Structure formats: structure tokens, C-alpha cells
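Remarks on the overall topology
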Amino acid sequence: MTRTTIHVDGTWRGALSGETRDILDPADGQPFAVVAEGGAADADAAVASARAAFDSGVWRGTAVSERSALLRRVADLLVRDREELALLESRDAGKTVGEGRIDVDCVADAFRYFADLVLTEGAGRVVDAGSDTVHSVVVHEPVGVCALITPWNYPLLQASWKIAPALAAGNTFVVKPSEITPLSTAALIALLSEAGLPSGVANVVTGPGHTVGARLCEHPDVDLVSFTGGLTSGVKVAQAAAPGVKKVALELGGKNPNVVFADSCDTAAGFDTAVDQALNAAFIHSGQVCSAGSRLIIEESVRERFVAELSRRARRIRLGRGTEKDVECGPLVSLAQLERTEEYVASALGDGAVLRSGGARPEPSKTRPAGGWFYEPTVLDRCHRRMRVVREEVFGPVLTVETFRTEDEAVALANDTDYGLAGAVWTADAARARRVAGRLRHGTVWINDFHPYLPQAEWGGFGKSGIGRELGPSGLAEYREAKHIYQNLAPRPVRWFSG
């Protein structure tokens, strides 16, 4: 199926070069769609469209109530098309349809949240100037043309985290989805048009990061770049944007600790829950999650029992095509990602890690076609901080196990990372839970849970996990500029100069 996936100034079209790209199904490695392969010229056209729309005021001049109403209409359309979008996300990214449905629900929630948030604001923050003859107020205005660059693991969800606040604030934008998972983003742009968004406000260019993405980052008419992806690419984005002194927001992943104290396993129910959540933390979407709990840091006294049960359950995870019934985990998104995962596991074993489960491609089956990019959920025991697999983001179904004996040691291990996106602590001791959560240098910390997020709470990380925040009030603030308006109600001469 051929799709015209470039949308500029309200019109769908192919790439100016005429080039296309096959979109491959991760479950069998076969093409199932053909999309436009845009380039720098397409990016230029899209930015020109967004610039003209912003400068005209067609969207930023729209009443806040109307902007909010449009975001709510988009949420309703997402609910209407839930099954179609979930299936598209499954075929494109390899996740299960069930995960795709949850993603669509979360996208609708994000649009509703920012629709509500933008309505709660007044006419600005009045500043006390210390004089009855001065009226001073701080207002917020849209930043301008936004370049939104999204990753392949959560194409629709990550696009919504940028698009919804950008529109709520009154901006125009060009979105560049990952070249290997562009389909649901194009579908979302179509829903924005259906909801009544003026032409030129929302533009999408499908194509590679080194051409389309690079051009968007350096383009002089782009005012803000928001990027979600890997650390190496994030550094390049910041470097490309720096000469123009653009606003930059980066979410660059994490190497996230899941700290389990022995007292959380004192009861049968506690043990079962901690093991179950450790599986979810590490292996949801085959570990292709920026907040994946890929580092199990467990108290020494319970390590053997915990890891044995965790490994037993990991071996029972049902792998297969995401559209098949009863499948629990899909393939990796690409052959490159599969080979990258294999390399990390081989490196860990060479450094002395002990393989407790997985570590190989599974045999083909009825639900796992030959040629699919599947990898068994893998547990690597006896890991240490010098291993690459412990320090670097794998983005695959690989869980490393480290141990500790004291609370201080647990915190030190959890914080011994260049990243700082998310982490969790498991304990039956409420005081310890609060104490450890306060000491962890991560943007989100869960206590006796893993993975939930709220659209009204900020998302982002410390250290090399990035700059800025998405979601919450700060997520809206990323797409705004603050302006101070000082009005003298009784002007008179200053007489600073005698002449």
C-alpha cells in the first residue's frame, strides 16, 4: 500500500524527489506499506508553510477557548479510530495490539489534558511594581515554528506529547516521525485536519534524520526543536540548533534502576508482585522503552530466590506477532535493533555475566514467522558497573542484575549512571521508601510500582537523559515565551538629562 505521507500547507503529497521507502513489518521483515522519502527540500517547504501560518496569526490569534475545543475534538476522533490506530501501531512498531490500544487512550488523554490546562489560565501574572501608577503583567506567547522529532518506539504517543502542548500554546509545527515508523503520525495529522485545524499549522515530513531532521534543526525559520531519541542523536540535534540559539528540548532515554529491598518480598503476595513488576519493567514492548527498568538492583539476601523466579517467568513470556491472540511480547522494531541487542548480550557474557534466561533468537513458530526480529527475554545475573550492558541503553529485552547489602549501597548503585530518567524502589518500609526516593537522581521515581505516568505530571530526566520536560504545566511552558508588559498609567518627564 502506497501512502502520501508528506503534508505541507494542508495538502498531502509525495517527496519532491519522488523517492519512497518500504515500511517493514517487524514480525516477518516484509514490506507492508510504501511512504514518501522526504529530504531537505521537503523540510524547507514544510517550514515555510508553518512560518507563513504562524506569522499570519491564523492559529495563534485564535481564542484559547477555540484552541481547547479543537484539541477535544481530536481526542474524540482518536477514540473513534482507536482500533484502526492500534492495529497500525502494532504493524509499524511491532508491539501488541493491546499495547497499541493503551497508547491511543493515552494520546487522547494528553489532548484532553492540554485542552483543559490552557483554559485554566488568566490574562497573565500581575506583578506588583510598588506604584499605583504602574500596571505590570507577565504574559505567555507561543514560541513560533516548532520542529518536532519523534522516535520509533512510541510513534503516536511521543508525537502527541509534543503536538498537543504546541497547539494549545498557539504554535505551528513540522513533525518528523522516525523513518521506520511514520504511519500513525501521518494518521494523527489527518485527524487534526478533520478536526478543523487551519492549513499550514500542522505539517509532517517523513524521511531520514540525517536529511530531514538535520535540516529542521538548523533551519533559520525554526524557533524551537523538540527531540526524543538516543543520546548520540540528541547531541547532534543540540549542536545543529546552537548557531541559531533556538530553544531546545531533549528527551534522551535512560538506564533505569529498579531497586528491590528484601522486605518487599517478606510475604508471598509481596514477592509475587515485585517479581511480576520487574518483568513488566524490563520486558514491556520488548524493552524498547526509554523508562524500561533494565537494571534490577536487588538486596543480596533475596537475590537467588528472586532471580530464579524472575528467570522462570521470563522464559514463559509468549513472543509473537503483535496482532495474534494471546501474544504477550512482540518483535524488536528492526534487524539493526536485533543485532544491537545480540552484541550487548555477547559483550556482557564475555565480561562475566551469567545467563539465566533468553540470550538467543527463538525458533520460528505459528505466531513467530521466519524472518521476524524476535529476541528472547534475557536475564543477565552477576553484572557489575563496568559492563557496557549495565551502563548503556540497550533498548531490547535485556535485564541486568546487580546486588547490594545496605541502603547507601543501593542508592549509590542506582545513581551511578550518566542518565537519570526514571527509577523505582520496592520496600515495605514507608520511611525508607520516602528516604530512598528523595535520594534518587531521576526525573520520575516510583515507589512499589513501575511505568505509570500522568499527563498532568512532568516527564523528563536528570543528567544525559535530556533537557526540559514534557507533560504537566512545564510541558506547556516549553512551547511558550514569557513577556513582561510594563504600563505607566501616569507618564511624566524623567529629567535625567539637564538639556
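The coordinates are above.
What you see is a predicted model; the values in this text were computed from it and never measured. (Residues numbered from 1 in each chain as written. Predicted model: local features only at pLDDT ≥ 70, side-chain atom pairs only at ≥ 80, totals over all residues. Heavy atoms only, no water.)

1. Considerations on the overall build of the protein
Along the backbone of the protein there are 15 helices and 20 strands. Taking the principal axes of its C-alpha atoms as reference, the protein extends roughly 85 × 55 × 40 Å. The 499 residues of the protein split such that 56% are buried. Considering only contacts in the protein between residues 6 or more positions apart, those separated by 24 or more positions represent 74%. Element-wise, carbon and sulfur atoms account for 51% of the exposed surface of the protein, whose accessible area totals about 20300 Å². (Helix = DSSP H or I, 4+ residues; strand = E, 2+ residues; numbered from the N terminus. Buried < 20%, exposed > 50% of the residue type's maximum accessible area, 1.4 Å probe, protein only. Contact = heavy atoms within 4.5 Å. Areas by Shrake-Rupley, 256 points an atom, 1.4 Å probe, with all protein chains shown as cover.)

2. Some thoughts on the sheet that holds strand E6 (residues 134-142)
Taken together, the 3 strands give an open sheet; going across it, the order is E5-E6-E20, and neighbouring strands pair in antiparallel fashion. The open sheet has two edge strands with one neighbour each: strand E5 (125-127) and strand E20 (480-488). Neighbour-to-neighbour, the strand axes of this sheet turn through a mean angle of 25 degrees, independent of strand direction. Relative to E20, E6 runs antiparallel, the two being bridged by 9 bridges. Bridge pairing links Pro 142 to Arg 480 in E20. (Pairing = 2+ DSSP bridges. Axes fitted to C-alpha atoms, helices over the stretch in contact; angles between N-to-C directions.)

3. Description of the nonpolar core
Among the nonpolar cores identified, the biggest contains 88 residues, and Leu 78, Phe 111, Ile 163, Phe 173, Leu 192 and Phe 306 are the most heavily contacted of them. Ignoring sequence-local partners within four residues, the contact set of Phe 306 consists of Val 260, Cys 265, Phe 271, Ala 274, Val 275, Ala 278, Leu 296 and Ile 298. Grouped together as the second largest cluster of nonpolar side chains are 24 residues, Ala 36, Val 47, Phe 54 and Val 222 included. (Core = buried A, V, L, I, M, F, W, Y, C linked by side-chain atoms within 4.5 Å.)

4. Section: the packing of aromatic side chains
For any pair of aromatic rings, the description rests on two quantities: the centre-to-centre distance and the angle between the ring planes. With the rule as written, the count across this model stands at 8 aromatic pairs. Centroid distance Trp 161 to Tyr 453: 5.0 Å. Interplanar angle 65 degrees. Geometry classified as edge-to-face. Pair noted here: Trp 161 is in helix H5 (residues 155-168) and Tyr 453 is in the loop between strand E18 (444-447) and strand E19 (466-467), with a separation of 292 residues, a long-range link. An aromatic cluster is present here, built from Trp 161, Trp 446, Phe 450, Tyr 453 and Trp 459 joined pairwise through their rings. In this structure, Arg 91 packs its charged tip against the face of Phe 32, placed 4.2 Å from the ring centre. (Phe/Tyr/Trp six-rings, centres within 6.5 Å; stacked < 30°, edge-to-face > 60°. Lys NZ or Arg CZ within 6 Å of the ring centre and 35° of its normal.)

5. Here's the deal with the packing of helix H3 (residues 82-93) against helix H6 (residues 183-194)
At a closest axis distance of 9 Å, the pairing of H3 and H6 adopts a crossing angle of 155 degrees. It follows from the interaxial angle that H3 and H6 lie roughly antiparallel. Packed against H3, whose contacting residues are Leu 85, Leu 88, Glu 89 and Asp 92, the element H6 presents Leu 183, Ser 184, Ala 187 and Leu 191 at the interface. A breakdown of the residues in the contact of H3 with H6 according to their chemical character gives 5 nonpolar, 1 polar and 2 charged. (Parallel < 35°, antiparallel > 145°, perpendicular 65-115°, else oblique. Nonpolar A, V, L, I, M, F, W, Y, C, P; charged D, E, K, R; others polar.)

6. A word on the side chain of Lys 95
With respect to the element layout, Lys 95 can be found in the loop between H3 and helix H4 (97-119). A relative accessible area of 1% places Lys 95 in the buried class. Within the local environment of Lys 95, its side chain forms a polar contact with the side chain of Asp 103, the two groups lying 2.5 Å apart. Not counting chain neighbours up to four residues away, the residues in contact with Lys 95 comprise Glu 89, Ser 90, Gly 100, Asp 103, Asn 153, Tyr 154, His 285 and Gly 322. (Polar contact = N/O pair within 3.5 Å; in protein donor to acceptor, adjacent residues only side chain to side chain.)

7. Considering the sheet that holds strand E13 (residues 295-299)
Read from one edge of the open sheet, 7 strands run E14-E15-E16-E13-E12-E17-E18, paired in mixed fashion. Unpaired on one side and paired on the other, strand E14 (354-357) and E18 mark the two borders of the sheet. Between one strand and the next, the sheet's axes are offset by a mean angle of 25 degrees, whatever the strand orientation. Taken together, the 4 bridges between strand E12 (residues 257-260) and E13 define a ladder with parallel strand orientation. Note on E13: the bridge partner recorded for Asn 258 is Leu 296.

8. Description of the pairing of E6
As defined by bridge partners, E5 adjoins E6 across 3 bridges and the pair is classed as antiparallel. Counted as the bridge partner of Val 127 is Ser 136 from E6. The loop that links E5 with its antiparallel partner E6 comprises 6 residues; one of these, Gly 130, has a positive phi angle of about 75 degrees.

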